[in-house]
Structures are given as structure tokens and as C-alpha cells.
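Residue-level structural notes
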Amino acid sequence: MSDLPRVCVVGYGVAGKLHHRLLEAAGLRVCTVDPDLTGMPVGVHRHRPIEHSPTVADMAGPVHLWSLCTPTQSHVDVLAQVLNRDPRARVIMEKPACRAQDVPRLLDLLERHPGARVVVMNQYRHAHALRLLDDLRRHHMPDHPVTAVRVAFSKDRRPDMEAGRFVDRDHGVFGYEWPHMLAVASRLLPPDAYRAYVESPVEDVRGIVDEDYFVTAARERAVVADGVELELYSSVVGDAPEDTDVPDWARPFGHSTGGRRRLAQLQVGPALFTAEMDPVALPDGSRLPGNTHRLTAQLPNGCQETLVNDSPMDNALRTAVARLLGDLPLPPVDLRPVHRINALAGHFGHARATAAAGRLSGGAV
Ligand SMILES: NC(=O)c1ccc[n+]([C@@H]2O[C@H](COP(=O)([O-])OP(=O)(O)OC[C@H]3O[C@@H](n4cnc5c(N)ncnc54)[C@H](O)[C@@H]3O)[C@@H](O)[C@H]2O)c1
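Residues numbered from 1 in each chain as written. Predicted model: local features only at pLDDT ≥ 70, side-chain atom pairs only at ≥ 80, totals over all residues. Heavy atoms only, no water.

Concerning the site of the ligand
- The local shell around the ligand holds 24 residues, among which Ala 15, Asp 34, Lys 95, Gln 123 and Arg 165 are the closest.
- Interatomic distance of 2.9 Å between a backbone N/O atom of Phe 166 and an oxygen atom of the ligand.
- Between an oxygen atom of the ligand and a side-chain N or O atom of His 180, the distance comes to 3.3 Å.
- Look at the ligand: alone it shows 850 Å² of surface, and the protein chains cover 84% of it.
- Among the elements of the structure, helix H1 (14–25) and helix H2 (75–85) are those that each provide at least two residues to the shell around the ligand. (Near = heavy atom within 4 Å. Polar contact = N/O pair within 3.5 Å; in protein donor to acceptor, adjacent residues only side chain to side chain. Areas by Shrake-Rupley, 256 points an atom, 1.4 Å probe, with all protein chains shown as cover. Helix = DSSP H or I, 4+ residues; strand = E, 2+ residues; numbered from the N terminus.)

What follows is the structure in C-alpha cells.
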């Protein structure tokens, strides 16, 4: 038991609790750092008290791996604390890696600690359901190009935010599910098309601005290489009644627990291939079992459904642990999502001070 690698989860909130549970299930010893941690953790099935400290510096004993799950605005500060303690630390950072304004500090830290190993969570790159969706497309429509990639990830975060969960006032809606949607787009678009999109200026974005939560819902459209249409939609307030920008293609799919709806869709000639990602709503108000995703192929000759059971976060964490504890070189931290969400949020910057709530055309501001 004492030979198991020890991982320290920094920030024991919603993401930290998930990391804790999955890392422990993957066979690691887990401890946590969180100044707010008191008593037994809520929502985690444990048989022994959690081992924890208020700060990174206070954590006693060896730590082989760190998992940074603090609010986004503190990721780089916490990374600096970890590297101060261990310049060769192996670190998983929750997404998004940081704010754009922290990028110079992040790069400086990485340059000054060449022995450190860092992976940013990107779980939808590891979603088997998306690979199977693409397999379905190749099987049924081998001779037709993809003409549209559509992604919609929504939830209603208001109860959580009111209960004290972190609020991303730097990026608004672009700071929560948007990095996941970029990962989905990177998985479903050809690599060149994704690169062209994520490295090009924002062309067309519309959103709803709230005076407290900043942008609460947004829809971005782009035509990427080869004329493929890309559409991304996200809301952190469910389908707000004033939000007429909810894409028509997303409306038929129900909301599941917490107002969640996570969709990825490919248009291929006359066919549509849709992945509804966990939690998937059923018509009677219940949901499919946890980590069960539904793939639907709407073909000219009928409709086919497939269920896939898979945990993208578990896949991503296990892959990250294996890579970090191994010796093979790691790819550089991909900062393109950070710059993309910063550019998207930048289209609404001027409205932050003035908007009580209003509809703005991002392209026009
Ligand atoms: N990959 C995913 O699916 C996923 C899901 C949720 C959140 N996230 C990401 O995880 C991060 C945290 O989000 P959350 O929703 O869990 O937030 P949260 O508010 O639920 O939890 C954050 C926790 O960090 C603690 N904390 C704050 N500053 C700290 C510090 N300096 N040292 C130690 N602990 C500190 C807080 O006390 C709190 O318990 C964000 O970057 C978010 O984008 C990712």
C-alpha cells in the first residue's frame, strides 16, 4: 500500500472531488490541499478520513503527482507553489489551463523548471463515444464529406454558483464548457481544419451578457477549411427564455440533471450523426445510467441508436497519470484554447460595465 504513488489534489471542490474519487479508484493514494476543507468530504464514499492540508507548502510527505483543481484564476499561482516545493513536479492542471493574462507567467514557470511535467485536462479528446460517432459516419457515409460540425454543451450553474462554486468572471460562459466544446471540435474536425479555426480570429459570436456572471450564453459560427460549417453553443443558465439563439438543431434534445445537455453532431450529406453525452435525458424525465452516451445515426433509410458506456474523465486522468509518471517526452501545453476563449470573451468586454442583461452581436462590438 505504501508503495503506491501518492497524488495530491489541490482544490477540493466539484472537479477536485471527481479527481479524488477517480484517482483513488485508479489505485493511487490521494491527499488534498484546500483551505476550506473541514471534516469528512461530502459526496465521496470513503472509509477513512481524508488526508489534507490547507496549503501546498504544509502538505507533509512525498507527493508523486499533483492535480490542480482550484478556480481557474489561481491555476498559475498554485502551479508556482507546487514547483517551488518540487521543481520536477508532475502536474495535471484542470482546464482551462489559465487566463490569457497568466500565459507569460505560465510559460516563464515552465521554462524555469525544465524537469517539470505538465498535462492539461482535456477529457473530451478521450471520449470513446466521439470516436465511435466518427466510425459510424465512415461506415454509413464513406463517400460523403462532413459539411457541418455542431457542438452544444449547456447546464444551469446558477444554483452551484449561488452556493459558492467558483464563478469565471474573466471568461463567463467561455470559461466552463467551452474548452470541452473545443476538445470535441478538435476530435471531430480534420486536424488542419481545427487548426485553421482555433488559430483564426473570431468571426461571428453572439451572446447574452449578465451584469454579475458576465456572458451567460453564446453561440459561435465559423466556416472552417474546406467549407465545413462549425457551430458552438453553450449556456450556463439552461435555455434562458430570452435566448432565441439556442440552435434549432439542439432544441429537440431534452435537458438532463442540472439543465445539462451535451451534444455533438455531424452533418454528412443527407445523414446526421449525433452524440448525446452523459447525462442523457429520457422522455419520462429520468436519464440514462451514468456515463452512458447515446449515438444516433439518422440515415436516408432509417434511424439507428447505439449506447456507449464510457467515462471521458476517467480515461483522461488515467492517461495523464501514465504519461506523467512515465519518461516519454510530453507535448507542449496547448494554449490555443486559452487564447480562443479569451478572444471570444473579449468580444463582450465593453458590455460588462453597462449591461444589466442584453443581447449583443459579438461581431459588431
Ligand atoms: N474537467 C471538468 O469536467 C471540470 C469540471 C469542473 C470544473 N473544472 C475546472 O476545475 C477548476 C475548479 O472548478 P470547480 O467547479 O471544481 O470549482 P469549485 O469552486 O467547486 O472548487 C474550487 C475549490 O478550490 C479551493 N481553493 C481555492 N483556492 C485554493 C488554493 N489556493 N489552494 C487550494 N484550494 C483552493 C476552494 O476552497 C474550492 O473548494 C476550474 O478551473 C474549472 O474550470 C473542470
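After presenting the structure, the write-up continues.
Points about the sheet that holds strand E5 (residues 90–93)
- Across the sheet, which stays open at both edges, the six strands sit in the order E3-E2-E1-E4-E5-E6 with parallel pairing between neighbours. The sheet is open, and its two borders are formed by strand E3 (52–53) and strand E6 (117–120), each paired with just one other strand.
- Sheet topology note: the strand E2 (residues 29–33)/E3 ladder contains two bridges and is parallel. Bridge pairing links Val 33 to Ser 53 in E3.
- Sitting on the sheet, H1 touches strand E1 (6–10), E2, strand E4 (65–68) and E5, and the angle it makes with E1 is about 170°.
- The strands touched by helix H8 (residues 312–325) within the sheet are E4, E5 and E6, with E5 carrying the most contacts at an inclination of about 155°. (Pairing = 2+ DSSP bridges. Contact = heavy atoms within 4.5 Å. Axes fitted to C-alpha atoms, helices over the stretch in contact; angles between N-to-C directions.)

Considerations on the packing of aromatic side chains
- Throughout the structure, instances matching the rule amount to five aromatic pairs.
- For the pair Tyr 194 and Tyr 197, a centre-to-centre distance of 6.4 Å together with 50° between the ring planes defines the contact as tilted. Linking Tyr 194 with Tyr 197, this pair stays in helix H7 (residues 191–198), spanning three residues, or about one helical turn.
- Judged by relative accessible area, Tyr 194 falls into the buried class, the value being 6%.
- Assessed through its relative accessible area of 2%, Tyr 197 is described here as buried.
- Taken together, the ring pairs in this structure connect Phe 174, Trp 178 and Phe 348 into an aromatic cluster. (Phe/Tyr/Trp six-rings, centres within 6.5 Å; stacked < 30°, edge-to-face > 60°. Buried < 20%, exposed > 50% of the residue type's maximum accessible area, 1.4 Å probe, protein only.)

Quick word on the environment of Ala 351
- With respect to the helices and strands, Ala 351 occurs in the loop between helix H9 (336–346) and strand E15 (357–361).
- Note: C-alpha distance between Ala 351 and Phe 214 (137 residues apart in sequence) is 8.7 Å.

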